[in-house]
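Summary of structural features
Residues per chain are reported as follows:
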Amino acid sequence: MLHSRKNFLLLLYCQLAGVMLAAQTLPQPVDIKLNQSSHVRFIAYGDTRFTDPADTNASNPEVRRELVKAIAAAHPDFVTFGGDITYNGNDPNDWKVYDSETAIWRQQHIPVYPALGNHDLHGDLTLSLANYFQRYPELHNSLYYSVSTANMLMLTLDSALDETSGEQGDWLKKKLTAVPANVGFVIIVLHHPPYTSSSDEKKYGGGHSARSAEQALARFLEERQKEMRARIVVFAGHVHNYEHHEHGGVTYFVSGGGGAHAYPIERKPDDLFQSKEINYHYIDVKVEPGKMVAVMNRLELKNGVASWSQPDRVSIKVSAEQKATGLRLM
C-alpha cells in the first residue's frame, strides 16, 4: 500500500510539472492572506460532482443548484470544497457545468478554496490538474496550501498524497509548529476523512472506510492538540453524508452531501450525529475571537420545492486560559 502511494505521489508530481508553464521545480505551497477582520463566515461542503445534468446517477443536479443558490444567499467570505468538485476531473465538459452552475459566486466575488478529491484526479492527470488550476489561479499550482484570516489558519491538504510524510507532511508539521499567537482555530480541509461511520461494506449502497493514512493523520493531530493553544477542526468529504466526530480534543466533520448520489450510513456509537437519512447539506461556519459555530444546513427537495432544516449545531470555544498562555510547539 505504501509503495503504491509513493508511486502515485511521484507520478502526480511528474504530471504536475507538465502543466506548469515555465517552472523547472515544483512551486512552494502558497500562503493566502485574506482581510484580517475579527469575524469570518465561510461555507464548507464537498462531493458536488458537477457533471452533465442528464446524468442523475452520478449526481443530483437539482440539489447541486439549490445548494449553490443557498450558499450565494448566505454571502460567505469564502467557500471551501472537500474535494470531488467534478465527476471526472479530466473532462472539460464537467468543468463547464461547474462554471455555469456556480456563476453566481463569481458574480458576487465569493472566493473558492478547494481540496483535491479522487474524482478531480480521474483520467489523465495532466488534463485534470490543468482544468483544476485554471479555475483557481490564486493557488499557483499548489496541491496543498494555507489560508490565513482573522483568528484562523486553514491548511488544505491533498489526500492523494500522504499527509504526515514526504514534502506535504513536512509542510504540515512546520505549519503546526509555528501557529501564530493570534490564531484560535486551525482548520484542516481534505477529501478523505480520518473518522467515518461509513464502511467499504456498502450496506446501504455506498460508503468508504477511513484509510490508514488518514487514521495516522488523526493520531498526529490529536497529539499536537494536547500542546496547542488553538483548536483543531477538520473538514473532510468522500462519504456522501454528514458526520460529526470528536476525538482527542479535535472536532471532525464529514461533509460530502453536496450533490453526489447520497446514501444513508450505519452510524457508529461515537458519531455525534445519529441519522438514518440521506443528508444533502452544507456547513455554515462563523468564526469570532475565541469561538466557532458550525451549523449543518440540510436540504430536502419535496416535489421540486426546497425544504431546509438545521439538525446539527456545533459550538467550539478556545478557553480563556488557552488564549492567555498561547503555548508554542517546538
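Residues numbered from 1 in each chain as written. Predicted model: local features only at pLDDT ≥ 70, side-chain atom pairs only at ≥ 80, totals over all residues. Heavy atoms only, no water.

**Some thoughts on the confidence of the model for the protein chain**
With 89% of its residues at a pLDDT of 70 or more, the protein chain shows a mean pLDDT of 90. The low-confidence segment residues 322-330 (pLDDT under 50) makes 18 contacts with residues lying over four places distant or belonging to another chain. (pLDDT = per-residue confidence, 0-100. Contact = heavy atoms within 4.5 Å.)

**As for the environment of Glu222**
When you line up the elements, Glu222 lands in helix α7 (residues 212-225). Along the chain, Glu222 and Val250 lie 28 residues apart, while their C-alpha atoms are 6.3 Å from each other. What Glu222 contacts, discounting residues up to four positions off in sequence, is Tyr195, His247, Gly248, Val250 and Tyr252. (Helix = DSSP H or I, 4+ residues; strand = E, 2+ residues; numbered from the N terminus.)

**Some thoughts on the side chain of Glu214**
Inspection of the secondary structure assignment puts Glu214 in helix α7. The class for Glu214 is buried, based on a relative accessible area of 0%. A polar contact of 2.8 Å, which involves the side chain of Glu214, links it to the side chain of Arg211. When residues no more than four places from it in sequence are discounted, the contact partners of Glu214 are Ser159, Glu163, Leu190, His192, Pro193 and Pro194. (Buried < 20%, exposed > 50% of the residue type's maximum accessible area, 1.4 Å probe, protein only. Polar contact = N/O pair within 3.5 Å; in protein donor to acceptor, adjacent residues only side chain to side chain.)

**Quick notes on the packing of aromatic side chains**
Geometry of an aromatic ring pair is reported as the spacing of the ring centres plus the angle between the planes. Taken as a whole and judged by the stated rule, the model has 18 aromatic pairs. Between Tyr144 and Trp171 the ring centres are 5.1 Å apart and the planes differ by 55 degrees, which places this aromatic pair in the tilted class. Of this pair, Tyr144 sits in the loop between α5 (125-135) and β5 (145-149) while Trp171 is found in helix α6 (residues 166-177), placing the two residues 27 residues apart along the sequence. Overall, Tyr144 belongs to the buried group, its relative accessible area being 6%. Relative accessible area serves as the criterion here: at 10%, Trp171 is assigned to the buried category. (Phe/Tyr/Trp six-rings, centres within 6.5 Å; stacked < 30°, edge-to-face > 60°.)

**Quick look at the sheet that holds strand β1 (residues 31-33)**
Strand pairing in a sheet takes place through backbone hydrogen bonds and is either antiparallel or parallel in direction. With mixed pairing, the seven strands of this open sheet are ordered in space as β1-β5-β6-β7-β8-β10-β9. The sheet is open, and its two edges are formed by β1 and β9 (242-247), each paired on a single side. Sheet twist, expressed as the mean angle between neighbouring strand axes with direction ignored, is 15 degrees. Across the sheet, α6 lies against β1, β5, β6 (152-156) and β7 (185-189), angled at about 175 degrees from β6, the strand it touches most. Relative to strand β10 (residues 250-255), α7 is tilted by about 145 degrees, and along the sheet it contacts β7, β8 (231-236), β9 and β10. (Pairing = 2+ DSSP bridges. Axes fitted to C-alpha atoms, helices over the stretch in contact; angles between N-to-C directions.)

**With respect to the pairing of β7**
Here β7 lies mainly inside the structure; five of its five residues are buried. Examined bridge by bridge, β6 and β7 share five bridges and lie parallel to one another. Looking at the pairing, Leu155 lines up with Ile188 of β7. On the question of chirality, the crossover connecting β6 to the parallel β7 by way of α6 is right-handed. Where β7 meets β8, five bridges bridge the pair, whose relative direction is parallel. Along β8, the bridge assignment pairs Phe185 with Arg231. Note that the unit made of β7, α7 and β8 has a crossover that is right-handed. (Right-handed = clockwise from strand over helix to strand, strands pointing away.)

**Quick look at empty space enclosed by the protein**
By the definition in use, this model includes one cavity of 30 Å³ or more. When its volume is computed, the largest cavity comes out at roughly 40 Å³. Lining the largest cavity are Ala44, Tyr45, Gly46, Thr80, Phe81, Gly82, Val189, Phe235, Ala236 and Ser255. Sorting the residues of the lining of the largest cavity by element identifies β2 (40-45), β3 (78-81) and β8 as the ones contributing at least two each. Here the lining of the largest cavity is built from residues that sort into six nonpolar, four polar and no charged. (1 Å grid on protein atoms, 1.4 Å probe; cavity = no way out; pocket = protein on both sides within 12 Å on 5 of 7 lines; lining within 4 Å. Points joined across faces, edges and corners; volume = space filled by probe spheres on them. Nonpolar A, V, L, I, M, F, W, Y, C, P; charged D, E, K, R; others polar.)

**Remarks on the nonpolar core**
Residues Trp105, Val186 and Ile188 are the most contacted members of the largest nonpolar core, which totals 86 residues. A total of six residues in this core trace back to one element, the largest contributor, which is helix α2 (residues 61-74). Residues within four places of Val186 in sequence aside, it is in contact with Leu153, Leu155, Leu176, Val179, Met228, Ala230, Arg231, Ile232 and Val233. (Core = buried A, V, L, I, M, F, W, Y, C linked by side-chain atoms within 4.5 Å.)

**Brief notes about the packing of helix α3 (residues 92-101) against α5**
The contact between α3 and α5 brings their axes to 10 Å, and the two run at 20 degrees. In terms of orientation, α3 lies roughly parallel with respect to α5. The crossing of α3 and α5 is right-handed. Of the residues in α5, those touching α3 at Pro92, Trp95, Lys96, Tyr98 and Asp99 are Asn131, Tyr132 and Arg135. When its residues are assigned to classes, the contact of α3 with α5 shows four nonpolar, one polar and three charged. (Parallel < 35°, antiparallel > 145°, perpendicular 65-115°, else oblique. Left-handed = near helix turned anticlockwise from the far one by under 90°.)

**Observations regarding the pattern of salt bridges**
According to the stated counting rule, one finds 11 salt bridges in the structure shown. Ionic pairing is found between Glu101 and Arg64, a salt bridge with its closest N-O pair at 2.9 Å. Residue Glu101 is found in helix α3, and its partner Arg64 is found in helix α2; the two are separated by 37 residues along the sequence. Owing to a relative accessible area of 14%, Glu101 belongs among the buried residues under this scheme. On the basis of relative accessible area, Arg64 is assigned to the buried category, the value being 0%. One salt bridge in this structure joins Arg298 and Glu277, with 3.7 Å as the shortest N-O distance. Linking Arg298 in strand β12 (residues 291-302) with Glu277 in the loop between β10 and β11 (280-288), this pair joins segments that are 21 residues apart in sequence. Arg298 sits in the buried class, given a relative accessible area of 9%. (Salt bridge = Lys/Arg side-chain N within 4 Å of Asp/Glu carboxyl O.)

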